[in-house]
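Topology and contacts: notes
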Amino acid sequence: MKKPILATCCLFGLILPKTIANSGAEWRVYRGDSAANQYSNLAQIHAVNVHHLEKAWEYNTGDATDRSSMQVNSIMVGGTLYFSTFSLNAVALDAATGEEKWFFRSSEFNEGNRDLKGRTRGVVYWEDGDDRRIFHFVKNRVYALDAETGIPIPSFGEGGFIDLRKHLRVDYTKASIEVTSPGIVYKNNLIVGSRVPEGYESTPGDIRAFDTVTGEFRWIFHTLPMEGEFGYDTWEWKEGVAYGGANPWGGFSLDEERGWVFCATGSPSFDFYGGNRIGMNLFGNCVLALDAETGERQWHYQTIHHDLWDYDNPSAPVLATVTDQGKKRDVVVQLTKMGLTFVLDMGYGRTCFSRR
């Protein structure tokens with residue numbers, strides 16, 4: 001009997017790549033598609049035959065250390081596999097053979113930082129005609145790479161990248177921010193979240209969009225509302241306190257027909273103490289629906305008011321259609337650290353089902 005493959009710091013071809021290539025199946029978006037449902041209709045491998053799998057190829061990322069950890073969800077477009085590594089490099093492989101097409105070594109493009117490491121869950125693909133790009137997240141930077149060569153596109157942002165410390169309400173030299181889960185693209189908007197510190201000295205977890213072609217800043221949604229904005233009065237603001245957090249670190253989902261982007265935020269900082277942030281603390285611990293073109297809030301649903309237990313919403317909302325009393329209904333499903341699952345009406349953000 002042939003043994004199944006055990007994953008290490010290497011990337012394996014676990015299934016029959018040529019069969020997949022011939023089927024036309026792709027995985028163009030982090031978590032499968034814009035609805036974030038992680039579903040594939042491929043059915044050739046199942047519980048009955050999975051033990052017959054053989055290793056088709058193996059690719060070593062070069063990150064095999066005692067502390068390396070790959071959490072990446074690779075994407076596949078046109079028979080090419082794109083992914084990021086523990087050392088925050090980006091790689092393109094032939095999905096059928098495992099042959100390396102290109103390798104972007106991020107340390108060569110980050111002055112003074114030759115030992116880059118971190119949590120990274122994937123890259124973003126975008127195309128417009130012959131312009132095909134991979135957006136790759138390295139700490140506080142977003143690189144636009146040519147999908148064919150892996151070379152940074154110099155006309156994007158600051159010679160090939162944008163600096164996410166900028167366009168925030170804080171001094172960018174003091175901002176601490178990185179992207180661990182990839183953003184999402186709507187038309188020509190690259191929408192990004194962030195991972196920020198969880199202590200007293202944190203950075204706001206605002207949601208932003210940038211032009212996919214030029215890198216130009218497009219819009220921002222303040223997850224920590226500013227004066228005059230909806231939700232500002234749900235906080236008791238104190239002078240001299242550094243407010244931060246309420247960041248969507250788990251990624252995004254998108255309803256292209258509505259033109260809405262969905263995300264779920266974590267708790268405001270400090271995670272385990274709330275004496276410096278009295279109130280309900282919108283938009284911490286919220287499911288959010290935003291206009292993907294403008295960043296305007298469509299609705300929100302707060303799963304925890306004034307979080308004291310680090311009950312972040314840990315993943316992007318899943319978009320689905322269910323049958324409720326014989327009627328089709330578009331819903332947003334949010335999983336939580338509490339073991340609860342919230343099912344919200346996609347159009348209004350209200351809970352859908354009463355207990356029966």
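Preceding this section is the structure that the text describes.
Each value, and the rule that gives it
Residues numbered from 1 in each chain as written. Predicted model: local features only at pLDDT ≥ 70, side-chain atom pairs only at ≥ 80, totals over all residues. Heavy atoms only, no water. Helix = DSSP H or I, 4+ residues; strand = E, 2+ residues; numbered from the N terminus. Buried < 20%, exposed > 50% of the residue type's maximum accessible area, 1.4 Å probe, protein only. Contact = heavy atoms within 4.5 Å. Phe/Tyr/Trp six-rings, centres within 6.5 Å; stacked < 30°, edge-to-face > 60°. 1 Å grid on protein atoms, 1.4 Å probe; cavity = no way out; pocket = protein on both sides within 12 Å on 5 of 7 lines; lining within 4 Å. Points joined across faces, edges and corners; volume = space filled by probe spheres on them. Pairing = 2+ DSSP bridges. Axes fitted to C-alpha atoms, helices over the stretch in contact; angles between N-to-C directions.

Looking only at helices and strands, the chain features one helix and 21 strands. The burial tally for the chain puts 51% of its 356 residues in the buried class. Long-range pairs, those at least 24 residues apart, make up 56% of the contacts in the chain with a sequence separation of at least 6.

As a further point, take the packing of aromatic side chains. A full pass over the atoms with the stated rule returns 20 aromatic pairs. Relative to F283, the ring of F230 has its centre 6.3 Å away and its plane inclined at 25°; by these criteria the two rings are stacked. With F230 in the loop between strand 14 (217–221) and strand 15 (253–255) and F283 in the loop between strand 16 (260–264) and strand 17 (286–291), this pair connects stretches of sequence that are 53 residues apart. On the basis of relative accessible area, F230 is assigned to the partly exposed category, the value being 47%. Ring centres of W235 and W237 lie 4.8 Å apart, and the angle between their planes is 15°; on these two criteria the pair is classed as stacked. Given the relative accessible area of 6%, W235 is considered buried.

Its location among the elements puts F135 in strand 8 (residues 131–138). Taking the C-alpha atoms as reference points, F135 and V124, eleven residues apart in sequence, are found 5.0 Å from one another.

When its volume is computed, the second largest pocket comes out at roughly 370 Å³. As for the second largest pocket, its lining consists of 19 residues, and the residues nearest its centre are R28, V29, Y125, V185 and E256. Per-element tally for the lining of the second largest pocket: the top contributor is strand 7 (residues 124–128), with four residues.

The strands making up a sheet are joined through hydrogen bonds of the backbone, oriented either antiparallel or parallel. Within the open sheet, the four strands sit side by side as 15-16-17-18. Their pairing is antiparallel. Two strands in the sheet have a free side with no partner beyond their single neighbour: strand 15 and strand 18 (297–302). On average, each strand axis in the sheet is tilted by 15° relative to the strand beside it, whichever way the strands run. For strand 17 and strand 18, the ladder comprises five bridges, and the chain directions are antiparallel. Looking across to strand 18, one finds that A289 is bridged to W299.

Ordered by their spatial adjacency, three strands build an open sheet running 19-20-21, and the pairing between neighbours is antiparallel. At either end of the open sheet lies a strand with only one pairing partner, and these are strand 19 (318–324) and strand 21 (341–345). Strand-to-strand twist of the sheet, defined as the mean angle between neighbouring strand axes without regard to direction, takes the value 40°. Examined bridge by bridge, strand 19 and strand 20 (residues 327–335) share seven bridges and lie antiparallel to one another. Within strand 20, the position partnered with V322 by the bridge is R329.

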